[in-house]
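An overview of the molecular structure
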Amino acid sequence: MTSADIRRSFVDFFVAKGHVHLPGASLVPDALSTTLFTIAGMEPFVPQFLGEAPPPAARVVTVQRCLRVAGGKNDIDSVGRTGRHGTFLEMLGNFSFGDYYKREAIAWAWEYLTRTLSLPADKLYATVYVDDDEAAQMWRQEIGLAPERVTRFREDNFWDMGPTGPCGPCSEIFYDLGAAVGCGKPACGPGCPDCNRYIEVWNLVFQQYDRDASGTMHPLPKKCIDTGMGFERLCMVLAGKTSIFDTDLYQTIIAALPRVSNTIEKKLGEETHVHQRIIADHARACMFLVADGVTPSNTDRGYVLRFLARRAIRSGKLLGFADGFFSRLMPAVVESLASGYPELRAASERVQRTLEAEERQFGTTLARGSALLTERLNARKSAGGRVLPGDDAFELYDTYGFPVDLTREIAAEDGISIDMAGYHAAMEAQRDRARADALAKRGEVRVARPIAETAERSNFVGYESLEAKATVVALFDRDGTPVQRLEPDAHGALVLDQTPFYAEKGGQSGDRGVIATAGASFDVRDTQYEDKTQRRIVHRGVVRAGGFAIGDHVEAIVDPHWRREIRRHHTVTHLLQRALKEVLGDSVAQRGSAVFPERTRFDFDSPVGALSRPVRSQVSGRVNELIRSDYHVVEESMPFAQAIARGAVYMKGENYGDVVRVVTFGPSVELCGGTHVASTGEIGHFVLLGESAIGAGIRRVEGVVSESADRYVASVQDRIDEVGSALSTSAEHVPEAVERLTTRQRELERKVETLQLQLAAQHAGDYAAAAKEVAGVRYVAIENDDATIGARDLAESIRDKLPDGVIVIATPSNGKVSLVVAAGAGAAQKGVSAKDVLAELMPHIDGKGGGNPAIAQGAGKNASGIGAALAAVPAAIEKAVRG
């Protein structure tokens, strides 16, 4: 059976048992998940197990893609070195939500393995939880396993996804690969720590508890079944192999890799195959990660993708593969998986483009980073040290893009560990510097974040009104220290029991305004949450008159102009996302945003890369259509699962509560806690200012609406009028006038170039006639002060007159110097290279450059070194001739 046949047979078997086949979920779990990636087939059904959402059916069967690269389910270090571990895996699972339980789960698992797949019953073993007599009895009496083939374990037979959430005892099914791969010890059996003879293929989890943060286990509303069978391991067993990498899932990918030379294979030995297996595994993982909307970055999911891609690229470099091999491997990956995931064909081009950019970016720094790491590792070994300082690891990450996990792996090959505490300290120090720099650039009142205390949550009333009566419940000075009173001109922060001021969140800037009493006034210049709990809202600013004390009754008033323009720019961001999805496709996913009263910024995963001018026009046109349609806002609160079922767009990776706020403007439906206009017509019109790249596959668009759009249009019109006036034409004819001017400029530039070549040719004969000779090679070394003659043109003209010679021309300019070296064919025959001569001269002018044997050029910062550089020409030529 092929892997495609096996995948299909599993689904068909359980559909025949009354299960509903559901498509697998994304590798990026929903916002309520506690994991970075989907790591188990049951993960998408956690709300159903907990009774928080209705199940899609009483019985369900899925093939779920999973990624295990962190935490307790991490298999990364074993990938490629054992025959049973991978980062990316497919989990075959059948589920019951309060329907059947242990008896059916065990019986159907046995039936599928022994009857449908015809696995020999005498090679199958079972394990159960240490005190699960019920499951043990079923295996012995109903299935017929001998008592010695049913083993009891404690930790290994109690399954959980993490420290909290659904959990329960489990029963695992093992397959005996044979004595040839065993340890030969009498006690060898399932779970043997000394060999891989018995391999787990299926885990039947009897979900019955919900463990809370204190470790207490509460019964689930209904007992559920959650099974997971490793698809790759099952394919291995059915193929009669002892490694998952010997199945068609991987072999088709490995076969598509470039050929490894005999020299490298002899040098690396078995490591050759380890690296091939690492590439195959990581290619599968990267394919699905990018297809599911992840792009390379230095944080969270993007970091994992970058690490896996760069780990695979490094393996390819060690095998001697050419640049670009990894992205070119993706079509083979698609073909190996398309039978189960036909949607990958549509994503293939985008995946390849994303990984090609990442490969190119890493390639530019890999050589330098590897050299630095080798140098540091050799230094540690020479000094007898076995630990690489954290600062070194951070430098590799910060300067050369080496994920610290990759540095750790390379260092481990030399027996050296990483000072991870030092690495994290260096990382935190950089973050502190970045935060300080960001504050400085904002130019706002810089009040240190107050220290959280036990306090009631601030009541936000800003959706309903821009003004509210409130009571001061806390005061802080500019350093964040709690105080009882703020005096006139003091910089500080106020916390109120309720406030109409919106605290910065979700990309929307915090409100500004005034907090006042009859005799005091406080200018609010920024509004932030006190800490990550988002319990209290802090108003930062300056006391303009009077003073404030805890307990004061105040009037809080948001600047209506500020809020109005924020509202409009925030709302248009919703419409912009809707337009992008309609024009580019639903795979557009928000990566971030920043909303200000004068502009908005939206970052997103682009399935097409850069947006062409026609596409930008199409997007901005659609946004303006949505504005003119004057859709009225509909704001509702509902459970998260219900909102997603209604098609609400949300930002993957964000943490949403159980109940969310859904904001609708016509076809735009999003989860959002920000402030919005009452209807889209209030926005006015939208102008898309620009579009740019901010990361691999991530684009940024910026735009303005309302007053800012009016100012921008008026400003552009003024400039066009000025240009028209300068060109003596009307605004509508400016493009034609500019085209005529540009054509005229190009004609003049060509004439100037022709004249320069003529001047160079006139001088070339004189310089060639005055050539000197060293080591049988004639040469010209001059300083060119004539700005009308290009140095390169002059060098090539002299070389035409002196085909066996070497020409060196230095041109000073504002304290700096450029250097051109040309070598004729005759000089080259004597071993003289223009590039080598240039390298000998550059130290004299404190510069660097490059080129080829015929012509090379460089630049330096020290024009005073021209004389020394020209004087060094004979020695440089002589050195080249003598080899």
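Residues numbered from 1 in each chain as written. Predicted model: local features only at pLDDT ≥ 70, side-chain atom pairs only at ≥ 80, totals over all residues. Heavy atoms only, no water.

**Comments concerning the overall build of the protein**
- Per the secondary structure count, the protein includes 25 helices and 35 strands.
- Considering only C-alpha atoms, the protein reaches an extent of 105 × 85 × 55 Å along its principal axes.
- When burial is assessed residue by residue, the protein has 50% of its 883 residues classed as buried.
- Looking at the protein alone, contacts between residues at least 24 apart form 68% of all its contacts between residues at least 6 apart.
- Carbon and sulfur atoms make up 49% of the accessible area of the protein, which totals about 39,800 Å².
- When the 102 positive and 116 negative side-chain charges of the protein are each reduced to one mean point, those points stand 3 Å apart. (Helix = DSSP H or I, 4+ residues; strand = E, 2+ residues; numbered from the N terminus. Buried < 20%, exposed > 50% of the residue type's maximum accessible area, 1.4 Å probe, protein only. Contact = heavy atoms within 4.5 Å. Areas by Shrake-Rupley, 256 points an atom, 1.4 Å probe, with all protein chains shown as cover. Lys, Arg positive; Asp, Glu negative; His and termini not counted. Charge placed at Lys NZ, Arg CZ, Asp CG, Glu CD.)

**Details of the sheet that holds strand β35 (residues 855-860)**
- Read from one edge of the open sheet, six strands run β30-β31-β32-β33-β35-β34, paired in mixed fashion. A strand with exactly one partner marks an edge of an open sheet, and here the two such strands are β30 (772-774) and β34 (847-851). Across the sheet, the mean angle from the axis of one strand to that of its neighbour is 20 degrees, orientation sign disregarded.
- The pairing of strand β31 (residues 777-783) with strand β32 (residues 806-813) spans five bridges and is classified as parallel. The residue of β32 that forms the bridge with Val 780 is Ile 807.
- In the packing of helix α23 (residues 834-841) onto the sheet, contacts are made with β32, β33 (816-823), β34 and β35, and the angle to β33 comes to roughly 150 degrees.
- Against the sheet, helix α25 (residues 873-882) contacts β30, β31 and β32, and its axis sits at roughly 150 degrees relative to β31. (Pairing = 2+ DSSP bridges. Axes fitted to C-alpha atoms, helices over the stretch in contact; angles between N-to-C directions.)

**What about the nonpolar core?**
- In this structure, Leu 67, Tyr 112, Leu 113, Trp 139, Trp 202, Leu 308 and Phe 326 are the most contacted members of the largest nonpolar core, which totals 115 residues.
- The leading source of residues in this core is helix α8 (residues 271-291), at 10 residues.
- Every residue in contact with Tyr 112, bar those within four places of it in the chain, is listed here: Ile 6, Ser 9, Phe 10, Phe 13, Leu 117, Trp 202, Met 229 and Leu 234.
- If you look at the next biggest cluster of nonpolar residues, it comprises 27 residues, including Val 806, Ala 827, Ile 845 and Ala 876. (Core = buried A, V, L, I, M, F, W, Y, C linked by side-chain atoms within 4.5 Å.)

**Focus: unusual backbone geometry**
- With phi around 60 degrees, Ser 118 is a residue other than glycine that occupies positive phi space.
- Positionally, Ser 118 belongs in the loop between α3 (102-116) and β4 (124-129).
- Positive phi, close to 55 degrees, is recorded for Ala 775, a residue that is not glycine.
- Along the polypeptide, Ala 775 turns up in the loop between β30 and β31.

**Considering the packing of α23 against α25**
- Two elements in contact, α23 and α25, have axes separated by 9 Å at closest approach and are oriented at 135 degrees. Here α23 lies oblique to α25, going by the angle between them. α23 and α25 meet at a crossing whose hand is right-handed. Judged by residue contacts, Val 837, Glu 840 and Leu 841 of α23 engage Val 873, Ala 876 and Lys 879 from α25. (Parallel < 35°, antiparallel > 145°, perpendicular 65-115°, else oblique. Left-handed = near helix turned anticlockwise from the far one by under 90°.)

**Topic: the sheet that holds strand β24 (residues 600-605)**
- Pairing is antiparallel in the open sheet, where four strands are placed in the order β23-β24-β29-β28. This sheet does not close on itself; its edge strands, each paired only once, are β23 (589-595) and β28 (686-695). Strand-to-strand twist of the sheet, defined as the mean angle between neighbouring strand axes without regard to direction, takes the value 20 degrees.
- Relative to strand β29 (residues 698-705), β24 runs antiparallel, the two sharing six bridges. When the sheet's bridge partners are listed, Phe 602 is paired in β29 with Val 701.

**Describing the side chain of Arg 277**
- Its place among the elements puts Arg 277 in helix α8.
- The contacts of Arg 277, once residues within four sequence positions are left out, are Gly 80, Phe 245, Ile 254 and Glu 270.

**Remarks on empty space enclosed by the protein**
- Tallying each qualifying case throughout the model produces one cavity of 30 Å³ or more.
- By volume, the largest cavity is sized at about 70 Å³.
- Contributing to the lining of the largest cavity are Val 290, Val 294, Thr 295, Arg 350, Thr 354, Ser 587, Asp 605, Ser 606, Pro 607 and Gly 697.
- The residue inventory of the lining of the largest cavity, partitioned by class, reads three nonpolar, five polar and two charged. (1 Å grid on protein atoms, 1.4 Å probe; cavity = no way out; pocket = protein on both sides within 12 Å on 5 of 7 lines; lining within 4 Å. Points joined across faces, edges and corners; volume = space filled by probe spheres on them. Nonpolar A, V, L, I, M, F, W, Y, C, P; charged D, E, K, R; others polar.)

**Re the layout of surface pockets**
- For the second largest pocket, the calculated volume is near 1,100 Å³.
- Lining the second largest pocket are 44 residues; nearest its centre among them are Arg 68, His 85, Glu 172, Glu 200 and Arg 233.
- Counting only elements with at least two residues in the lining of the second largest pocket, the list comes to β3 (88-97), β6 (158-160), β7 (165-176), β8 (198-211), β9 (217-230) and α5 (231-238).
- Grouping the constituent residues of the lining of the second largest pocket by class yields 21 nonpolar, 12 polar and 11 charged.

**Remarks on the pattern of salt bridges**
- Taken as a whole and judged by the stated rule, the model has 52 salt bridges.
- For Asp 292, the salt bridge is made with Arg 65, and the minimal N-O distance between the two is 3.0 Å. Within this pair, whereas Asp 292 is found in the loop between α8 and α9 (300-318), its partner Arg 65 is found in strand β2 (residues 59-67), the two being separated by 227 residues in sequence.
- When its relative accessible area of 15% is taken as the criterion, Asp 292 is described as buried.
- Residues Lys 102 and Asp 132 are paired through a salt bridge, measuring 2.9 Å at the closest nitrogen-oxygen approach. One end of the pair, Lys 102, is in helix α3; the other, Asp 132, is in the loop between β4 and α4 (133-143), with 30 residues separating them in the sequence. With respect to burial, Lys 102 and Asp 132 carry one shared label: buried. (Salt bridge = Lys/Arg side-chain N within 4 Å of Asp/Glu carboxyl O.)

**Some remarks on the confidence of the model for the protein**
- The predicted model of the protein averages 89 in pLDDT, with 94% of residues at 70 or higher.
- In the model, residues 438-454 has pLDDT below 50 throughout and makes 38 contacts with residues more than four positions away in sequence or in other chains. (pLDDT = per-residue confidence, 0-100.)

**Focus on the packing of helix α6 (residues 248-255) against α8**
- It is at 9 Å that the axes of α6 and α8 come closest, and there the two elements cross at 110 degrees. What the angle tells us is that α6 and α8 run roughly perpendicular. In contact with Leu 249, Tyr 250, Ile 253 and Ile 254 of α6, α8 contributes Gln 276, Arg 277, Ala 280, Asp 281 and Arg 284.

**A closer look at the packing of aromatic side chains**
- In the structure shown here, the tally under the stated rule is 25 aromatic pairs.
- Note on Phe 14 and Trp 202: the rings are 6.4 Å apart at their centroids and 85 degrees apart in plane angle, and the pair reads as edge-to-face. Within this pair, whereas Phe 14 is found in helix α1 (residues 3-16), its partner Trp 202 is found in strand β8, the two being separated by 188 residues in sequence. Here the two residues Phe 14 and Trp 202 agree in accessibility, since each one is buried. (Phe/Tyr/Trp six-rings, centres within 6.5 Å; stacked < 30°, edge-to-face > 60°.)

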